[in-house]
Amino acid sequence: MAVLSILDREHTVAPPGYSRWLIPPAALAVHLCIGQAYATSVYKTSMVKHFDTSQTAVGVVFSIAIVMLGLSAAVGGTWVERNGPRKAMFVAACFWATGFLVGALGIGTGQLWLVYLGYGVIGGIGLGIGYISPVSTLIKWFPDRPGLATGLAIMGFGGGALVASPLSRQLLGLYDSGYDPNVSTSVAGGGALVGLFLTLGIGYFVIMMFGVFNIRVPADGWAPDGFDSSAVQQKALVTTGNVSAANAIKTPQFWFLWVVLFCNVTAGIGILEQASPMIQDFFRGDGGKSSVAVAAAAGFVGLLSIFNMAGRFGWSSTSDVIGRKPIYAMYLGVGIVAYTLLASVGHTSTVVFVLLAAVIISFYGGGFATVPAYLRDLFGTYQVGAIHGRLLTAWSAAGIAGPLIINGFLDREGKPGTLTAAAYRPALFTMVGVLAVGFVANLLIRSVSERFHEKSESSVEATL
């Protein structure tokens, strides 16, 4: 259609003098919206009650969404590179909004499988395409500071729950007069959940359109003023060549980094998915009453979002200075210590619990924001978006493993509202082992052999 031709790559090339600092806000608009996935714990208990099912059954919705994120990013990565960020972001907005609408239908009709299909499958496709759509564009606009650039946008995904968490509670209260956001035993009815999903679906679509119509790609041969590519290429592990997506998956470096991302995500995603009830359970007394109110628990979700967001920007920017490999050694090594302390002494003080969880989640977020720059260092800019998409299958696998580990242990320990800190310890110590595997995998990463590099640099430049 002629009307949709405005979405084509050739219509998104930036004119001379265009400021590259206008690109991160456009990317941020998309990532803030799809970052709502991190706020599912706020209404998880209401979903369990509405469908009269287990935590695991409802948690599967989140897991399916993350699986589809990785799969759609892997399958659609090359398409995104070929068609450009604007068309990709538009497609992402359509899938993301439709996912909410179909999910609302599932809630309204009492069909959990429709929520799986809507929010999980359809919305998950929107998550994947939306997540990778601006990444390679940002790296090309910021070749001098790729960690900072990707951190600016991807921090929006981590901060999505900061907006969605309080917004969801207020909307549930608006649509259900019997729901009190400040009472731990209060759950919203099905009608309120339907209203919530409809409102979020429509609202997020409108916001994502801001990003769609403001994204631009740099003109061929563009470089920032004063940029010295030779200075960047002298850093450890930074390649002077380019590797295609097809060749990247043949390298051991890709699979070591896949394991690193899987381990880092698995360790963090279980906490995020369970964040609101987890802090209440850790400080539940013998009488079954928690000393942490539901409003405070929701505030904890928001606080984690701040650290998730800050970690994505702060740690990723730091990686531009100290390097990607050392920063991942910190994520995984210090993470092992933090998880051990959380399991052993986290229940002794809310301050200790919150600080340890905040550190863990900042590393979790930082890992996501740093990995595109790590890929750029190892494989060049040629098809870094497509390679990133393939690597996100690690996120898909972690989206299954993390919640299943946490929910699997918890379902065996008792019902929601009756659990204590002891119920979480087996899962948390399991995460310590997972992080140890990732730490070793990161140590094994070396520079990519030149035999995997593209032979014709002219053909590579023509595709950029």
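(A) Here's a closer look at helix H16 (residues 393-413). The first and last C-alpha atoms of H16 sit 31 Å apart over 21 residues, in line with the 30 Å expected at 1.5 Å per residue. A bend of about 25° at leucine 404 is the largest found in H16. Listed as buried for H16 are Ala394, Trp395, Ser396, Ala398, Gly399, Ala401, Gly402, Pro403, Ile405, Ile406, Asn407 and Leu410.

(B) Inspection of the packing of aromatic side chains at higher detail. Here the structure, examined in full by the defined rule, presents 27 aromatic pairs. Ring plane angle 55° and centroid distance 5.7 Å describe the contact between tryptophan 96 and tyrosine 119, whose orientation is recorded as tilted. With tryptophan 96 in helix H4 (residues 85-109) and tyrosine 119 in helix H5 (residues 112-132), this pair connects stretches of sequence that are 23 residues apart. Using a relative accessible area of 2% as the deciding quantity, one classes tyrosine 119 as buried. Each residue in the set Tyr43, Trp96, Phe100, Tyr119, Phe197 and Tyr204 is aromatic and connected to the rest through ring pairs, giving one cluster.

(C) View of the pattern of salt bridges. Under the definition given, this model contains six salt bridges. Where lysine 140 meets glutamate 81, a salt bridge forms, and the shortest distance between an N and an O atom there is 3.6 Å. Taken together, the positions of lysine 140 in helix H6 (residues 135-141) and glutamate 81 in helix H3 (residues 55-83) put the pair 59 residues apart, joining distant regions of the chain. The exposure class assigned to lysine 140 is buried, which follows from its relative accessible area of 19%. Among the residues examined, glutamate 81 registers a relative accessible area of 11% and is labelled buried. In this structure, arginine 145 and aspartate 144 form a salt bridge, with 4.0 Å as the shortest nitrogen-oxygen distance. Through salt bridges with shared partners, a single network forms among Arg20, Asp144 and Arg145.

(D) Seen up close, the confidence of the model for the protein. When pLDDT is averaged along the protein, the result is 86, and 92% of the positions lie at 70 or above. Put simply, helix H18 (residues 457-463) is where the protein has its lowest mean pLDDT, 48, and H4 is where it has its highest, 96.

(E) Looking closely at the state of the cysteines. The final tally for this structure, using the stated rule, is zero disulfides. Of all cysteine sulfurs, the one in cysteine 33 lies closest to cysteine 94, which takes part in no disulfide; the gap is 13 Å. Judged by its relative accessible area of 26%, cysteine 94 is partly exposed.

(F) The arrangement of a nonpolar patch on the surface in detail. Nonpolar side chains collect at one region of the surface, where Leu32, Leu162, Val163, Leu167, Ile306 and Phe307 lie side by side and expose about 430 Å² of accessible area between them. Elements with a minimum of two residues in the nonpolar patch: helix H7 (146-175) and helix H12 (294-322). Ranked by the residues each element gives to the nonpolar patch, the list is headed by H7, at three residues. Tracing the backbone through its elements, the reader meets isoleucine 306 in helix H12.

Reading the values: the criteria
Residues numbered from 1 in each chain as written. Predicted model: local features only at pLDDT ≥ 70, side-chain atom pairs only at ≥ 80, totals over all residues. Heavy atoms only, no water. Helix = DSSP H or I, 4+ residues; strand = E, 2+ residues; numbered from the N terminus. Expected span 1.5 Å × (residues − 1). Bend = angle between axes of the 7 residues up to and from the residue. Buried < 20%, exposed > 50% of the residue type's maximum accessible area, 1.4 Å probe, protein only. Phe/Tyr/Trp six-rings, centres within 6.5 Å; stacked < 30°, edge-to-face > 60°. Salt bridge = Lys/Arg side-chain N within 4 Å of Asp/Glu carboxyl O. pLDDT = per-residue confidence, 0-100. Disulfide = S-S within 2.5 Å. Patch = residues over 30% accessible without salt bridge, like charges linked within 9 Å, V, L, I, M, F, W, Y side chains within 5 Å. Areas by Shrake-Rupley, 256 points an atom, 1.4 Å probe, with all protein chains shown as cover.

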